[in-house]
Structure formats: C-alpha cells, structure tokens
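Here is what each chain is made of, one letter per residue.
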Amino acid sequence: MEKRGIKNIKEIENIQELLSELPEFKYQKELTKKLDTKKDDFTYETVLEIVLWKTNRFADIDPDLILKINELRVEYNEVLADDILIKLLESKGFDLPMASTFLRFINPNYFQIIDQRVYRLLYGENLNIPFSQPKKIELYKKYLIDLKQVCFEYEISFSESDRILYLLDKHPEVNMEQKIKY
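Because the structure is a prediction, the values reported are computed rather than measured. (Residues numbered from 1 in each chain as written. Predicted model: local features only at pLDDT ≥ 70, side-chain atom pairs only at ≥ 80, totals over all residues. Heavy atoms only, no water.)

(A) Quick look at the packing of aromatic side chains. By the definition in use, this model includes eight aromatic pairs. On the numbers, 5.0 Å between centres and 70° between planes, the contact of F94 with F102 is edge-to-face. Overall, the relative accessible area of 29% leaves F102 in the partly exposed class. Judged by centre distance (6.5 Å) and plane angle (20°), the rings of Y140 and Y143 are stacked. (Phe/Tyr/Trp six-rings, centres within 6.5 Å; stacked < 30°, edge-to-face > 60°. Buried < 20%, exposed > 50% of the residue type's maximum accessible area, 1.4 Å probe, protein only.)

Written out as structure tokens, the structure is:
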C-alpha cells in the first residue's frame, strides 16, 4: 500500500471539481454572518464573540430570555427561575454547569455554580451530569438544597459558597491530590 503524503493545492488535479462539490460553510452560522458583516468599531464584546467563535463556545440566547433574566435579577420568582433554567438548558452552548453559572451571576443569594470540586466536597463523589433535562434540573435543585444546608451548618455565606468550597477542595489537607475528572 502506497503511503499518501500531504498534498499542496498545486498537486490537486481536479481542484475545480472538488471546489464545486464543497458543502456550505455552516460553522456558527449566525455569529459568522454577524462578524463577517460588522462595519462599526470593534468593542470588547466583539473581541469576546471572536474568541467564542474560534473556540466554538458561542452561546445563542433568545432575546426574550435576556428580558426574563433581567426580570429575575430585580425580584426572585421560583417559577421564573425554573423557566429560565429550562430555557438556558435548551439554548445552544449550554449545559448544567454553564446554566448554573449564569444563574449564579443573576442572583447569588439563590443560585450557585454546580462545580466538580464543590460537588465532590458535598457528596464525596465525582459529578456525573445526567443526559435528560428533567434529571439535570432535579440534580441542580437537590444540589442547591444540600449546599444551603452545608452553608448553614458550617456558617458559610451561601452567596460565596461556590468560591469558598472550591478553594477548600483544593486545600492540601482536603482533596488537592485528587484529580478532577472532566
């Protein structure tokens, strides 16, 4: 069997035929279009969009969801919070860790980030995120209840508990030697 080397473009005999058969470029379609057609000045937001485009981490959130997020920031409402969590989990680029991160920044008095380190500190095992959306929501709600209980028990500020317990897990006397499984 003959080993095939890397071809440069000049070595491709049927280049026009191959070029005509290429599929449409669909990578991050909406963001690509937005960045390709940008005429105004670049902003910090533009820089972040390009970084997220390159890493394929751009999240696509419906504008109505942003309105709901801002509504929840003004006043906590459990029904609205559940609706936002569901909509985040349905959005491109979101799973439970990212959705919980958004919720935490919306209102840290009610939400915290579900994190590998904090989870294993609470439960003594690695975090395994379920596939189904209802199970993700159930897991997150249980996590918040258990986290609130630990915060109460050990007099830890709930609004800072994700950060405090993250650092505790990394402490040399706790779990620093245990590798995180991503």
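Moving on, there is more to tell.
(B) Broad picture of helix α3 (residues 44–54). Two or three places before E45, at the start of α3, stands the capping residue T43, its side-chain oxygen 3.3 Å from that residue's backbone nitrogen. One or two positions beyond α3, positive phi appears at N56, with a value near 55°. (Polar contact = N/O pair within 3.5 Å; in protein donor to acceptor, adjacent residues only side chain to side chain. Helix = DSSP H or I, 4+ residues; strand = E, 2+ residues; numbered from the N terminus.)

(C) Broad picture of the pattern of salt bridges. Following the criterion strictly, the structure yields 11 salt bridges and no others. Across the salt bridge formed by K68 and D83, the nearest N and O atoms sit 2.6 Å from each other. Here the residue K68 occupies a position in helix α4 (residues 63–74), and D83 occupies one in helix α5 (residues 78–90), the gap between them amounting to 15 residues. Members of the salt-bridge network, linked through shared partners, are K68, D83 and K87. (Salt bridge = Lys/Arg side-chain N within 4 Å of Asp/Glu carboxyl O.)

(D) Representation of a negative patch on the surface within the structure. Taken together, the side chains of E30, D60, D62 and D64 present a region of like negative charge at the surface. Here E30 falls in the exposed class, since its relative accessible area comes to 58%. (Patch = residues over 30% accessible without salt bridge, like charges linked within 9 Å, V, L, I, M, F, W, Y side chains within 5 Å. Areas by Shrake-Rupley, 256 points an atom, 1.4 Å probe, with all protein chains shown as cover. Lys, Arg positive; Asp, Glu negative; His and termini not counted. Charge placed at Lys NZ, Arg CZ, Asp CG, Glu CD.)

(E) Spatial organisation of the confidence of the model for the chain. Taken residue by residue, the chain gives an average pLDDT of 90. The fraction at 70 or more is 97%. Per-element confidence in the chain is highest for helix α8 (residues 133–154), whose mean pLDDT is 97, and lowest for helix α1 (residues 15–20), whose mean pLDDT is 87. (pLDDT = per-residue confidence, 0-100.)

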